[in-house]
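Letter by letter, the chains look like this.
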Amino acid sequence: MHDSRTTAPRVARNALLLAITAVLPACSTVQPPHAPQDWTALAPGLRIDRAARVVEFDATVAMDCHHPDTPDVYLELIACAPDTREHESLVVTTVPPSMIHAALLTIDAEPGAPASLRNGTPPTGEAVRVEFITDRDRPIDATDWIIDAPTRSRRPEHRFVFAGSRIATRTVNGEPREYYDADGTGVIIGLATFGSELIAYEPLINPDATIDEPVWIADPDSVPAIGRKVRVRITPLKAEPRP
C-alpha cells in the first residue's frame, strides 16, 4: 500500500516536470560545443543523448581553492544555481534544476525522493554517474575533484541517485503556489543532505557543522581556476546492488 503522504507530492512533482518536458523540444535553440555523440539541444546550455541516456549541462567552476589565504574550501555541493551556495559548491550553472530534471525524465531516468534528516531516511532514485568535462574533452568522475580534509587523499565512495527534489508550497499574494524546490534552494547535486536535492549523495550528512563536522574539500591539485567553463554529464545507471 502506498503512503499518501509521499505518493501525492511525487505525483504533483512529476506532473509539473512532465509539463516542462513537453515544451523542451521547442527550446532547442543552441548547439552543444562538442558533439561526440548524437546530442539534442533542449535549451541554452542543456542537451541530451537519448540513445546513450546521457544529460549534459554547461557550468563554471564556482570557488577558488588556489588562493593562499583559503587553501581548504569545504564542500557541501557539487553543483548549484547562481546566487545560492557557490562558496561551498564545485560548479555553478544557469540551467534551472527543474529543466535538468525534465531532461532526465526525457531519457527515462527514474526519480525517487530526497533524504530526510528528521526521519533518518536516505535518498532514493536511479543511481547516476556524475562527470566533469573540460577542454580536454575527456570525462572525469566529479569525485576526482574532491578529497577529505583529514587525510587529503580519500574521495567520496558512495553512490549518487536521481532523488528529484520535491514540490514545495509558498504563499504569493495570499494564494498558495507550488514550485520545484531545487529551483528555490539552488541545490542541484548535493554532498550534504539538504532535502531538496535534484541529485543526492546517498549517505546522510547534516549540513549543520555543529552536528556533522565537514569532511569534503576541493582538491587544489585537480580543480581548475575559478570561472573555468566545464560541462557536467549525468548518466543514469542500471540497477546495481548496494555495496
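Placed above this text is the structure.
Residues numbered from 1 in each chain as written. Predicted model: local features only at pLDDT ≥ 70, side-chain atom pairs only at ≥ 80, totals over all residues. Heavy atoms only, no water.

> An account of the nonpolar core is requested, with residue identities and associated values reported.
Counting residues in hydrophobic clusters, the biggest one holds 48 residues, and the most contacted among them are Leu46, Leu90, Ile100, Ile189 and Ile199. When residues in this core are grouped by element, the largest group, five residues, is from helix H2 (residues 97–106). Of all hydrophobic cores here, the second largest spans five residues; its members include Ala62, Leu77, Val92 and Val187. (Core = buried A, V, L, I, M, F, W, Y, C linked by side-chain atoms within 4.5 Å. Buried < 20%, exposed > 50% of the residue type's maximum accessible area, 1.4 Å probe, protein only. Helix = DSSP H or I, 4+ residues; strand = E, 2+ residues; numbered from the N terminus.)

> With reference to specific residues and values, describe the pattern of salt bridges.
Under the counting rule described, the total for this entry stands at twelve salt bridges. Among the salt bridges present, the one from Asp58 reaches Arg47, with a minimum N-O distance of 2.5 Å. Taken as a pair, Asp58 in strand E3 (residues 54–61) and Arg47 in strand E2 (residues 46–49) lie far apart in primary sequence, eleven residues in all. Taking relative accessible area as the criterion, Asp58 reaches 29% and is therefore assigned partly exposed. Residue Arg47 is classed as buried on the basis of its relative accessible area, which comes to 2%. Here Arg166 and Asp181 are joined by a salt bridge, their closest N and O atoms 2.6 Å apart. (Salt bridge = Lys/Arg side-chain N within 4 Å of Asp/Glu carboxyl O.)

> Just give me the short version of the side chain of Asp219, but keep the residues and values in it.
Mapped onto the elements, Asp219 comes out in the loop between strand E14 (216–218) and strand E15 (229–236). One polar contact links Asp219 to Arg155, side chain to side chain, over a distance of 3.1 Å. With residues near it in sequence (within four places) discarded, Asp219 still touches Cys65, Asp144, Trp145, Ile146, Ile147 and Arg155. (Polar contact = N/O pair within 3.5 Å; in protein donor to acceptor, adjacent residues only side chain to side chain. Contact = heavy atoms within 4.5 Å.)

> Could you give me a rundown of unusual backbone geometry, with the residues and numbers involved?
Located in the positive-phi region is Arg152, a residue other than glycine, with phi close to 60°. On the secondary structure map, Arg152 appears in the loop between strand E8 (146–148) and strand E9 (160–161). Despite not being glycine, Ser165 shows a phi value in the positive range, around 55°. Within the fold, Ser165 resides in the loop between E9 and strand E10 (167–172).

> So what about empty space enclosed by the protein? Which residues, and what values?
Applying the stated criterion across every chain yields a total of two cavities of 30 Å³ or more. Approximately 110 Å³ is the volume found for the largest cavity. What lines the largest cavity is a set of 14 residues, among which Leu75, Glu76, Ile205, Pro214 and Val215 lie closest to the centre. A breakdown of the residues in the lining of the largest cavity according to their chemical character gives nine nonpolar, one polar and four charged. Here the second largest cavity is characterised by a volume of approximately 30 Å³. (1 Å grid on protein atoms, 1.4 Å probe; cavity = no way out; pocket = protein on both sides within 12 Å on 5 of 7 lines; lining within 4 Å. Points joined across faces, edges and corners; volume = space filled by probe spheres on them. Nonpolar A, V, L, I, M, F, W, Y, C, P; charged D, E, K, R; others polar.)

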